[in-house]
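Survey of secondary and tertiary structure
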Amino acid sequence: MTTPLSFTTTQNPAPMPEADRQAAFGNLGFGTLFSDHMAVIHWTVEKGWHDATVSARKPFELDPASSVLHYAQEIFEGMKAYRGKDGTITLFRPEENARRFNESARRMAMPEIPEADFINAVEALLAADAKWVPEADGASLYLRPFMFANEAFLGVRPSKEFIFCVIASPVGPYFKGGAKPVSIWATQSFTRAAIGGTGAAKCGGNYAASLQAQAEAAQNGCDQVVFLDAKEHNWIEELGGMNVFFVFEDGSISTPPLGTILPGITRKSLIQLAKDAGITVTERPYSFETWKADAASGKLKEAFACGTAAVVAGIGQVKYEGGSFTMGDGQTGPVTTKLRETLVGIQRGSIADPHGWIRSVSV
Ligand code: PLP
Ligand code: COI
């Protein structure tokens, strides 16, 4: 066991004025407003992880040969801090983010970071930026830990230098329509991940590769793209930035199995909460043709997308080249609503936390 790093905090000498922040809090979208500070840790082959700081958020200075700019050795996480009615700040299952970050690091030939350093970085940033955690219902402070290769070297091999950083962004709903059900475009032109590829890693390259498919979705009037598997173009995988669930008329639910998809922490939590509620949950392949047929016959009652940024969003309509279909009456269904309310209640402290998922942060 290595000793956890200690963070040196230097307060931002020019933080955003209180009145400006309060005004911005009145109209929160997703990912456009940033807090005053950032946490940074450096890694080199010689020294390992070192120089842990929290200081004013500012641009990085990168050598133009930095390997991240050429070969995309980069990974990230997404998590949220919540402010309870009593003012306390909490995190939801941060150790799961730390664990997944290291799984992504292994896949991308990057150094793992001790879980304690990952969580301490998040908490040190929260201590400096506590006032940036909004308290309105549906609002939270989105935290973005990430790591990138910054050795100036053009050969293709793992970098010998990395920067780990955490930034924070107060957010409201991910989708502009708020709680309205979302529409999904099933792309037949693009795939997201192949067996043996990087689908299960949270690396920036996966998202770069999803953007053209997401643009196709937008051109077809949809909020998000859903990807089918790369081999048979038949099995539903996940959305550009969310996992997907199906709710059937017999009350059971299913979600695609792990493998080429991102192992979502919201997905894992909802599987548990559904089981707690006595719902039968299976992780099994579900084909696009069956999705269409089950929606038409009424066997499928609801479908929803889930993830940290989007929380739980009902899927109203699915469009594809040559057609479209609707789930149930096109509105967010009762099972989706119940699971969403239970998850959000636990995250925001209004419902008891039976699995010990909530971590209080002392700031
Ligand atoms: N799938 C993808 C591709 C994602 O980007 C995300 C978001 O992080 C998810 C699924 C959901 O993961 P989580 O619930 O851990 O946020
Ligand atoms: C998240 O939910 O945290 C993500 O990373 C998804 C991203 C599309 C915002």
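Starting afresh in each chain, residues are numbered from 1 along the sequence in its written order. Chains carry letters from A onward and ligands carry numbers from 1 onward, assigned in written order. Reporting in this predicted model follows two pLDDT cut-offs: at least 70 for local features of residues, and 80 or more for side-chain atom pairs to be given and counted; totals over whole chains, interfaces and linings ignore these cut-offs and use all residues. Side-chain figures throughout are based on the complete set of non-hydrogen atoms in the structure, without hydrogens or water.

**Notes on the site of ligand 2**
- As a structural note, the neighbourhood of ligand 2 is formed by Phe76, Gly78, Tyr142, Arg144, Tyr174, Lys202, Gly241, Thr308 and Ala309.
- Measuring from an oxygen atom of ligand 2, one finds a backbone N or O atom of Ala309 at 2.8 Å.
- Isolated, ligand 2 exposes 280 Å² of accessible area, and the fraction of that covered by the protein chains is 87%.
- Annotation comment: domain bounds sourced from an automatic or database domain assignment. Looking at which domains feed residues into the shell around ligand 2, each of domain 1 (8–171) and domain 2 (182–348) supplies at least three. The rule for a residue being near a molecule or strand is that one of its heavy atoms must lie within 4 Å of it. Any pair of N or O atoms that falls within 3.5 Å is considered a polar contact. Within protein, one atom must be able to donate a hydrogen and the other to accept it, and sequence-neighbouring residues count only if both atoms are side-chain atoms. To measure how exposed things are, a 1.4 Å probe is used in the Shrake-Rupley method; for residues, cover is taken only from the protein chains shown.

**Quick look at the site of ligand 1**
- Within the structure, ligand 1 sits among 17 residues, and Arg100, Tyr207, Glu238, Thr266 and Thr308 are positioned closest to it.
- Ile265 is positioned with one of its backbone polar atoms (N or O) 2.7 Å from an oxygen atom of ligand 1.
- When ligand 1 sits alone it has 380 Å² of accessible area, and the protein chains cover 96% of it.
- The way it works is that DSSP assigns letters per residue, a run of H or I at least four long becomes a helix, a run of E at least two long becomes a strand, and they are numbered from the N terminus. Breaking the shell around ligand 1 down by element, the ones donating at least two residues are β11 (236–239), α6 (265–276) and β15 (300–307).
- Any residue that is not Ala, Val, Leu, Ile, Met, Phe, Trp, Tyr, Cys, Pro, Asp, Glu, Lys or Arg is counted as polar, Gly included; the first ten are nonpolar and the last four charged. Here the residues of the shell around ligand 1 are counted per class, giving 6 nonpolar, 7 polar and 4 charged.

**Observations regarding the packing of aromatic side chains**
- Aromatic rings from Phe, Tyr and Trp, taking only the six-membered ring of Trp, are treated as a pair when their centres fall within 6.5 Å; an angle between ring planes under 30 degrees marks them as stacked, one over 60 as edge-to-face, and anything in between as tilted. Enumeration according to the criterion identifies 22 aromatic pairs in this entry.
- Pairing Phe101 with Phe164 gives two aromatic rings, centres 5.5 Å apart and planes at 80°, and the pair type is edge-to-face. Remark: Phe164 occurs in strand β8 (residues 161–171) and Phe101 occurs in helix α3 (residues 94–107); sequence separation between them is 63 residues. The same class applies to Phe101 and to Phe164, which are both buried. Type-normalised accessible area, obtained with a 1.4 Å probe on protein chains alone, sets the label of each residue: buried when under 20%, exposed when over 50%, and partly exposed for intermediate values.

**Observations regarding the pattern of salt bridges**
- When a carboxyl oxygen of Asp or Glu is within 4 Å of a side-chain nitrogen of Lys or Arg, the pair counts as a salt bridge. Enumeration according to the criterion identifies 13 salt bridges in this entry.
- Residue Arg21 is joined to Glu18 by a salt bridge in which the shortest nitrogen-to-oxygen separation is 2.5 Å. Of this pair, Arg21 and Glu18 both sit in helix α1 (residues 18–25), 3 residues apart, which is roughly one turn of that helix.
- Of the residues examined, Arg21 reaches a relative accessible area of 1% and is grouped as buried.
- With relative accessibility at 45%, the residue Glu18 sits in the partly exposed group.
- Here Glu96 ties to Arg99 by a salt bridge, and the two come within 3.3 Å at their closest N and O atoms. Here Glu96 pairs with Arg99, and both are found in helix α3, just 3 residues apart, close to one helical turn.
- When its relative accessible area of 36% is taken as the criterion, Arg99 is described as partly exposed.
- Residues joined by salt bridges that share partners form a network here, namely Arg93, Glu96, Arg99, Glu115 and Lys268.

**So, the domain arrangement of the protein**
- The domains assigned to the protein are domain 1 (8–171) and domain 2 (182–348).
- Here domain 1 and domain 2 have C-alpha centroids that lie 27 Å from each other.
- Listed as interface residues are 26 residues of domain 1 and, on the opposing side, 20 residues of domain 2.
- Take the accessible area each of two parts loses on contact, using a 1.4 Å probe, and add the two losses: that sum is the buried area. Carbon and sulfur atoms make up 56% of the surface buried where domain 1 meets domain 2, a total of about 2,000 Å² over both sides.
- For the domain 1 face of the interface with domain 2, the top three residues by lost area are Phe76, Phe92 and Arg100, together amounting to 31%.
- If you look at where domain 1 meets domain 2, you find 1 salt bridge.
- The salt bridge partner of Lys268 is Glu96, with a shortest N-O separation of 3.1 Å.
- The tally of links between domain 1 and domain 2 comes to 13 residue pairs in polar contact (both at pLDDT 80 or more).
- Those elements giving two or more residues to the side of domain 1 that touches domain 2 turn out to be β4 (74–76), β5 (79–83), β6 (89–92) and α3.
- The greatest single-element share of the side of domain 1 that touches domain 2, amounting to 6 residues, is contributed by α3. Note on contacts: a residue pair qualifies if any of its non-hydrogen atoms lie within 4.5 Å across the two residues.

**Observations concerning the pairing of strand β2 (residues 37–44)**
- With 7 of its 8 residues buried, β2 lies for the most part within the structure.
- Of the strand pairs in this sheet, β2 and strand β3 (residues 48–56) are connected by 7 bridges, and their pairing is antiparallel. What sits directly across from Met38, in β3, is Ser55.
- At least two DSSP bridges between two strands are required for those strands to pair. Counted between consecutive antiparallel strands, the loop separating β2 from β3 contains 3 residues.
- When β2 meets β8, the two strands line up antiparallel, connected through 6 bridges. Each bridged residue has a counterpart across the sheet, and for Ile41 the counterpart in β8 is Phe164.

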